[in-house]
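# Close look at the chain arrangement
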Amino acid sequence: MIKVRVKVKTLIKIIIGILFFIIFIVPSISMELGNHYINKYRMNKAEKFYDYYIKYPFGLRKDEALYKRSKCLMNNYIRYFIFLDQKQGGSVIDKDAVSKVVEINKRIIEDYPKSKYYSNAYKNILDTYIYSSNSKELKKWIAWGKEHDNEEIKRISILYDGYVYFVNRKYDEAERILTDYTMGIRDLDYIYYFLKGHIAFAREDFEKVEGYYKEAQDIRWGTDFSFFGTPVPYDRLYWLSELKFFSGQNRIKGRVTVDGVGIPFIEVYIQYTYEGISFPYNNFVAITDENGYFETIGIKDGEYNIGIGIGYPLLFDKVYLDKNIRSIKVDGDMEFNFEFTTPMRIISPKPGEIVEDNKFIVEWEEVEGADYYIVNSVAFENPEDKRNNIMTFWIKDENREYEIRDTKAVFDLDILNNEESLLGKILYSGDKLINPYFIIGYFHRGMEIPIIVNAYDRNGNKLNSSIPLATYYENVPSIKIEYGDFTYGEKLILDEKYEEAISYYENLLMEDNNNIEALRYLSRIYMVNWDEGKKDIRKSVDYAIKLYDLTGETDSLKALLFHIRFEEREQYKDLVEMINNILSKEDS
């Protein structure tokens, strides 16, 4: 009997131990792993462990897990920068992710009113509505905060209410609202001084600006903070000290719109032309008001690049209408607008449409005012990964035209695989070729290729596109090629056996010195560094000229002009001159 009791007790202990491990230890491990990864800025890993903890039936730190889960998403609250000469972005966050942030933080407010994350959850909601340009919901939640009995919530609502009046250029009212703010919470005081500095900046009272930004800088320093829907502008004081174009008499006024409707809370930037996106983030010269209008500070005469910083969720399903200019000349007040619109529709192909012969058709809806259309295809460094290292390039129709006047065009795979625009965009890691498709062409059996159509007016301004600025390529019209087979030489190239491919094609030429495939691929292989020091421009030109003499094909010769580097121009001056003598003036 005693032995039986011992066994039962032991079994009970084991069961209790297992339950203790399941109920307390497993979720704690998950939480600590999430904290480990979030501290290492490995947000994708962190959010998985927080999700596990949130879904777990037990756990005393649900509020912490929820809050940190939302911070993983909010780490991607980076603005997409659109300038006249370029665009630049970071991690993509879509509307669903933004909605999830709001949902998570509302849950903290509703279920955990005593949580130490309560006030920050409220601030996260306000930041999210600014980032996603949702003025209506922002105002609603500011009003909610003003009526709250929590003092920190009230202070946050005052700051964000002041911000709304600031962007609406109601500076007196913004200042009046801030008189109700009570100092004493470090992070909120930090925001307070920045907002006071922003207001003084808009009023061009630069002595006060410097004082307020200095006060903010004295409170804290670093990039681990955000407010008003954007990362903290921690180096704005330094930016201002280096600014050369302010204190002028000229103002740029304009509007940011989507389908004619104004977008609020969009930051506007100005810098001297041809500097690239060189200044630190968030150093705006204006912010759009609730109706999308903006007005810059006074700037001096000069040639400038103007741009905006916009939240990623606004880019999904919207096209930016690029203007065919690279700078603006300012010598008086002027107007400049940024316009977005709903994408045009491609009728054919559908996503994943099969191509079983040498040609395929692209058809699209007509765009009012369009003078011509250009069809683009999309190439990926890794065809299995359609979200990284993406390039788009124009493709010629069967008549070898880029600019298409109709709303329908036919494309020939043989022409596309010899496109100089494709050959000019070879990808390297260091100085080594990393994608053999940029030798043989991309339009081969087994490839899925997204298709994009852009519409332009007679001045080259974009009127519409079939693809928004942010999207997932799984949803884009595309062709899947089930036509043709790879030759033996092409298989060697695809396997990156370039030495063997060269030997194979040189042997072919010994048997038939007019072998088109051999001449074409040997010219392309020697055009690039398929391995360190293997590039041989003279051999490439020799094969390309022989190919031209036989077929009149100039694609390899045009591509060579891309691949003779600037510092090599003198060395290959004779070859460049020879190529230019062959090509037409237009091609050169």
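Presented here is a report on the structure given in the accompanying data block.

## Focus: the side chain of Asn 464
Residue position: Asn 464 is located in strand 25 (residues 462-465). In this structure Asn 464 comes out as buried when scored by relative accessible area, which is 10%. A distance of 3.1 Å separates a polar side-chain atom of Asn 464 from the backbone nitrogen of Met 344. With near-sequence residues (within four places) excluded, Asn 464 lies in contact with Val 319, Leu 321, Thr 341, Thr 342, Pro 343, Met 344, Val 367, Asn 454 and Ala 455.

## Overview of the pattern of salt bridges
Tallying each qualifying case throughout the model produces 36 salt bridges. One salt bridge connects Glu 290 with Lys 139, and the closest N-O pair in it is separated by 2.8 Å. Placement of Glu 290 in the loop between strand 9 (286-287) and strand 10 (293-295) and of Lys 139 in helix 6 (residues 135-146) is noted, with a sequence separation of 151 residues between them. The class of Lys 139 is partly exposed, set by a relative accessible area of 41%. Between Asp 322 and Lys 462 there is a salt bridge, with its nearest N and O atoms 3.3 Å apart. Highlighted residues: Asp 322 in the loop between strand 12 (319-320) and strand 13 (328-330) and Lys 462 in strand 25, separated in sequence by 140 residues. Considered together, Asp 322 and Lys 462 belong to a single accessibility category, that of buried residues. Overlapping salt bridges, with partners in common, bring together Asp 172, Glu 175, Lys 196 and Arg 203 in one network.

## What about helix 4 (residues 95-111)?
Between its first and last C-alpha atoms helix 4 spans 24 Å; for 17 residues at 1.5 Å apiece the expected length is 24 Å, and the two agree. For helix 4, every residue scored as buried is listed here: Ala 97, Val 98, Val 101, Val 102, Ile 104, Asn 105, Ile 108 and Ile 109. All buried residues of helix 4 project into a common sector of 160 degrees when viewed along the axis, lining one side. Along helix 4, exposed side chains directed more than 90 degrees from the buried face belong to Asp 96, Glu 103 and Glu 110. The inward-facing, buried residues of helix 4 abut helix 3 (62-74), helix 5 (118-131) and helix 6. N-capping of helix 4 is provided by Asp 94, with a side-chain oxygen placed 3.2 Å from the backbone N of Asp 96.

## Topic: the pairing of strand 1 (residues 79-83)
For strand 1, a buried count of five out of five residues is recorded, marking the element as mostly surrounded by other parts of the structure. The sheet contact formed by strand 1 and strand 2 (residues 87-88) spans two bridges and is antiparallel. The residue bridging Phe 81 from the neighbouring strand is Gln 88, located in strand 2. Once strand 1 ends, the chain turns through three residues before running back antiparallel as strand 2.

## Describing empty space enclosed by the protein
Going through the model one piece at a time under the given rule, you end up with one cavity of 30 Å³ or more. In this structure, the largest cavity spans a volume of roughly 60 Å³. Taken together, Tyr 163, His 198, Phe 227, Phe 228, Thr 230, Pro 233, Glu 267, Phe 284 and Ile 287 make up the lining of the largest cavity.

## Points about the packing of helix 8 (residues 171-178) against helix 9 (residues 186-202)
At a closest axis distance of 11 Å, the pairing of helix 8 and helix 9 adopts a crossing angle of 160 degrees. As far as their axial angle goes, helix 9 and helix 8 are roughly antiparallel. Seen from above, helix 8 lies across helix 9 with left-handed handedness. Contact residues: helix 8 offers Tyr 171, Ala 174, Glu 175 and Leu 178, while helix 9 offers Tyr 192, Leu 195, Lys 196, Ile 199 and Ala 202. Here the contact of helix 8 with helix 9 is composed, by residue class, of seven nonpolar, no polar and two charged.

## Thoughts on the sheet that holds strand 18 (residues 359-364)
Spatial strand order, 16-18-21: three strands in an open sheet with antiparallel pairing. For this open sheet the edge positions go to strand 16 (346-348) and strand 21 (408-412), each flanked by a neighbour on one side alone. Sheet twist, expressed as the mean angle between neighbouring strand axes with direction ignored, is 30 degrees. Bridge count for strand 16 against strand 18 is two bridges, and the pairing is antiparallel. The residue of strand 18 that forms the bridge with Ser 348 is Glu 363.

## Thoughts on the side chain of Asn 105
The residue Asn 105 is located in helix 4 in this model. Taking relative accessible area as the criterion, Asn 105 reaches 0% and is therefore assigned buried. At a separation of 3.2 Å, a polar atom in the side chain of Asn 105 contacts the side chain of Asn 124. If we skip the residues at most four places from it in the chain, Asn 105 touches Tyr 67, Ser 70, Ala 121, Asn 124 and Ile 125.

## Some thoughts on the packing of aromatic side chains
Under the criterion given, the structure shown has 40 aromatic pairs. Ring geometry for Tyr 190 against Phe 194: centres 5.3 Å apart, planes inclined by 80 degrees, an arrangement best described as edge-to-face. In this pair, Tyr 190 and Phe 194 both sit in helix 9, four residues apart, roughly one turn of the helix. This pair shows no difference in class: Tyr 190 is buried, exactly as Phe 194 is. Summarising the aromatic geometry, the rings of Phe 336 and Phe 338 are spaced 5.2 Å apart at their centres and angled 65 degrees between planes, so their arrangement reads as edge-to-face. For the residue pair Phe 336 and Phe 338, the accessibility class agrees, reading buried in each case. A cation sits over an aromatic face here: Arg 220 above Tyr 190, 5.4 Å from the ring centre. The ring of Phe 284 has Arg 236 lying over it, and the distance from NZ or CZ to the ring centre is 4.1 Å.

## Some points on the packing of helix 2 (residues 43-55) against helix 3
Put simply, helix 2 and helix 3 touch, their axes get as near as 9 Å, and they point 150 degrees apart. One way to sum up the angle between helix 2 and helix 3 is to call them roughly antiparallel. Crossing of helix 2 over helix 3 shows left-handed handedness. Contacts between helix 2 and helix 3 involve Met 43, Ala 46, Glu 47, Tyr 50, Asp 51, Tyr 53 and Ile 54 on the former and, on the latter, Lys 62, Ala 65, Leu 66, Lys 68, Arg 69, Cys 72 and Leu 73. Looking at the contact of helix 2 with helix 3, its residues break down into nine nonpolar, no polar and five charged.

Conventions used here
- Residues numbered from 1 in each chain as written.
- Predicted model: local features only at pLDDT ≥ 70, side-chain atom pairs only at ≥ 80, totals over all residues.
- Heavy atoms only, no water.
- Helix = DSSP H or I, 4+ residues; strand = E, 2+ residues; numbered from the N terminus.
- Buried < 20%, exposed > 50% of the residue type's maximum accessible area, 1.4 Å probe, protein only.
- Polar contact = N/O pair within 3.5 Å; in protein donor to acceptor, adjacent residues only side chain to side chain.
- Contact = heavy atoms within 4.5 Å.
- Salt bridge = Lys/Arg side-chain N within 4 Å of Asp/Glu carboxyl O.
- Expected span 1.5 Å × (residues − 1).
- Arc of directions from axis to C-beta.
- Pairing = 2+ DSSP bridges.
- 1 Å grid on protein atoms, 1.4 Å probe; cavity = no way out; pocket = protein on both sides within 12 Å on 5 of 7 lines; lining within 4 Å.
- Points joined across faces, edges and corners; volume = space filled by probe spheres on them.
- Axes fitted to C-alpha atoms, helices over the stretch in contact; angles between N-to-C directions.
- Parallel < 35°, antiparallel > 145°, perpendicular 65-115°, else oblique.
- Left-handed = near helix turned anticlockwise from the far one by under 90°.
- Nonpolar A, V, L, I, M, F, W, Y, C, P; charged D, E, K, R; others polar.
- Phe/Tyr/Trp six-rings, centres within 6.5 Å; stacked < 30°, edge-to-face > 60°.
- Lys NZ or Arg CZ within 6 Å of the ring centre and 35° of its normal.

By themselves, these are just geometric observations and shouldn't be taken as functional.
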